[in-house]
Amino acid sequence: MFGKEFQRKYALTDQGIKNTKSATLWTVITNLIVMGGMGILYMLMDKYVATLTDGAGLPGPWLFILMVLGFVILSLLTHLQQYRATYGLVYGEVKNVRISLAERMRKLPLGYFGKRDLADLTETIMGDVNRLEHVWSHCLGYLYGSFISTAIVGVMLLAFDWRLAIACLWGVPVAFILLFGSRKINKRNSEITKEAGIAVSDGIQETLENIREIRATNQEESFLKKLDDKIDYHEKTMLSGELSCGIFVNAASVIMRLGVATTILTGASLIISGKVEFMVLFMFLLVITRVYAPFDQALALIAEMLMSQISASRLMEIHDTKTAEGTNVFRPQGHDIVFDDVSFAYDGEKVLKHVSFMAKEGEVTALVGPSGSGKSTCARLSARLWDIPEGRIKVGGVDINTVDPEVLLTDYSMVFQDVVLFDDTVMENIRLGKHGATDEEVKAAAKAANCDEFVEKLPQGYNTPIGENGAKLSGGERQRISIARALLKNAPIVLLDEATASLDVENETKVQGALSRLLSGKTVLVIAHRMRTVEAADKIVVLKDGSIAEEGSPSELMAKEKGIFKHMAELQSESAGWSIA
Ligand code: ADP
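Bear in mind that the values here come from a model prediction, so they are computed numbers and not experimental data. Sequence positions are assigned chain by chain, starting from 1 and proceeding in written order. Per-residue local features are limited, in this predicted model, to residues with pLDDT of at least 70; the limit for side-chain atom pairs, both in listing and counting, is 80 or more; totals at the level of whole chains, interfaces and linings are taken over all residues. To obtain the side-chain values, all non-hydrogen atoms of the structure were included, while hydrogens and water were left out.

**Observations regarding the packing of aromatic side chains**
How two aromatic rings sit relative to each other is given by the distance of their centres and the angle of their planes. Stacked, edge-to-face and tilted are the three classes for Phe, Tyr and Trp ring pairs, Trp counted by its six-membered ring, which pair at centre distances within 6.5 Å; planes under 30 degrees apart are stacked, over 60 edge-to-face, the rest tilted. Under the counting rule described, the total for this entry stands at 10 aromatic pairs. Arranged with centres 4.7 Å apart and planes meeting at 55°, the rings of Phe147 and Phe176 form a pair that is tilted. With Phe147 in helix α5 (residues 118–160) and Phe176 in helix α7 (residues 171–181), this residue pair connects regions lying 29 residues apart in the sequence. Classification of Phe147 by relative accessible area gives partly exposed; the value is 32%. Residue burial is assigned from relative accessible area. The probe radius is 1.4 Å, only protein chains are included, and a residue is buried under 20% of its type maximum, exposed over 50%, and partly exposed in between. Residue Phe176 is classed as buried on the basis of its relative accessible area, which comes to 14%. A centroid spacing of 6.2 Å and a plane angle of 50° characterise the contact between Phe344 and Trp386, whose relative ring orientation is tilted. Helix and strand labels come from DSSP, where a helix needs a run of H or I of at least four residues and a strand needs a run of E of at least two; each type is numbered from the N terminus.

**Looking at the sheet that holds strand β10 (residues 547–552)**
Strand order in this open sheet of 6 strands is β6-β7-β8-β3-β9-β10, and the pairing throughout is mixed. The two strands at the open ends of the sheet, each matched to only one other strand, are β6 (412–415) and β10. Neighbour-to-neighbour, the strand axes of the sheet open up by a mean angle of 15°, direction not taken into account. Note on pairing: two strands pair once DSSP finds at least 2 bridges between them. As paired strands, strand β3 (residues 364–368) and strand β9 (residues 539–544) are joined by 4 bridges and run parallel to one another. Within the sheet, the bridge partner assigned to Thr365 lies in β9 and is Lys539. Orientation is described by axes fitted as lines to C-alpha atoms, over the contacting stretch for helices, and by angles from 0 to 180 degrees between their N-to-C directions.

**Regarding the side chain of Thr263**
With respect to the element layout, Thr263 can be found in helix α10 (residues 220–272). Assessed through its relative accessible area of 0%, Thr263 is described here as buried. Here, two residues are considered to be in contact whenever any of their heavy atoms come within 4.5 Å of each other. Residues in contact with Thr263, not counting those within four places in the same chain, are Leu164, Ala167, Cys168, Leu281, Phe284 and Ile288.

**Topic: the domain arrangement of the chain**
One can read the domain layout of the chain as domain 1 (9–320) and domain 2 (337–575). How far each domain reaches was decided by an automatic or database domain assignment. Look at where the C-alpha atoms of domain 1 and domain 2 centre, and you get two points 54 Å apart. Where domain 1 abuts domain 2, roughly 570 Å² becomes buried across the two surfaces, and 57% of that area is made up of carbon and sulfur atoms. Of all residues in domain 1, the largest losses of buried area upon contact with domain 2 belong to Leu110, Gly111 and Arg212, amounting jointly to 54% of the total for that side. Any Lys or Arg side-chain nitrogen found within 4 Å of a carboxyl oxygen on Asp or Glu counts as a salt bridge. The tally of links between domain 1 and domain 2 comes to 0 salt bridges. Counting of polar contacts relies on pairs of N or O atoms within 3.5 Å, with two restrictions inside protein: one atom must be capable of donating a hydrogen and the other of accepting it, and residues adjacent in sequence are counted only when both atoms are side-chain atoms. One can count 0 residue pairs in polar contact (both at pLDDT 80 or more) joining domain 1 with domain 2. Note on terms: buried area is the combined drop in 1.4 Å-probe accessible area of two parts once they are placed together, counting the loss on both.

In structure tokens:
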């Protein structure tokens, strides 16, 4: 019952399975003891009825007082144990699951985080685990424990009087068959609701992230309309999901309770025909009040159980994604980057095909090519942000697939277009480049990256908070902070996505100055967009549709008749001559 499949279905850890077993066991014991209470009541009534019918003497009250006292104490103790097993242990489990999820995420290829958007991942760590927590604590132990205890009671009732037992319990399997049959419909509804919910979170995140552009382009209304539609749709899916589930759950509950009527009818006719005594029917009526009760809670949460399976499969998807493993030792001979016959696909479609080239230490290697040709992919792969299925990438002779990404990345600085800044001071944002760097080191790096002149103008200098993702800084300033970080890190390999195109002339010159300090003596792989950078590179690799089309020094490539690079250079110099006048 609690095998591997069950464990996956509810995303339980090994400890979680143990907890569920213990919760089930204590639910069985508690339910049986409650039934035992019914037994005491039955015995009491039996004795009283006997005094009325046979005129027998009433037994002393002490026996009953002792039994009731024993029952109360036992019941209290088992309820406490059950509570501890179902709720107490689950909180530990939630912690374990979140920690194991976070550990797992730490080891996932970094590229994975580009594939699943952040709203989605946050929803998994917070929402999905919360939903599962509720199911672990409120449903699993109760439901399975109730099954077992009802089965045990059922067998006992059958032995007592099989006719009444069937009249009392026929509804339980029928109710569960009905619920089981409706599982597909309810699961589908839950999936639709979940997707609609994620679309709403996505929509809100997107609107907040782009609020400046939305306002600047007067698109508030259309954006809000889109968001409204998403929220309305989510509400609708929730309502229809609840309704459909409610219909099935209530039908199941009614069917189960029909057992009361059939027991009374069967009992009455059996009494009339003299086949059972009234006290037997009385006992069944006592039991029946308790037999359905344990299912009530579990039934009410059945929708949640189905929903939780979707949450569990989202969680398991993270657990099933291959992690990037490797040794903690990385001792390359120099830092030449060599791509050897590398092919790569994101989702089945190949974006790099048999790419081989070398980026030498101390040189700037520029990746050039039309948008979508695979330049960023090459840069990402060179830092093992994704693992490659075909070919090999070596740094200083070491296959990077064999090195733990965290260790590998200590040798890399990345200055990408989307600079990530934290809601902290300028000082701390730069210090991220090197853990434990002194204030002096941070300031020296900031100076070299031409940051100090804008930092001086900030109200608290280096201790000015820069707002969420650096909202208070301009594009050029943000970029100079990221360069300062890289300078502070002083890693031997620099990956650079040249984004200076969006900067004004003054800023651009400053960023260029900062960059030239950063790049000297390093292995530099630059995704180049402008001819000025490309012409200054030592080597150019031209990519087209995921393959290398040309390779060589700028002068070699310019000398090629009908070369792609030459053509691009000519186009750019034409557009550089374009002006408003
Ligand atoms: P470039 O940097 O030359 O513009 P990229 O390396 O970014 O090219 O992209 C190469 C191809 O891979 C493009 O077709 C792009 O759509 C696709 N691609 C890039 N990143 C991803 C991703 N994370 N998931 C799926 N496809 C991607």
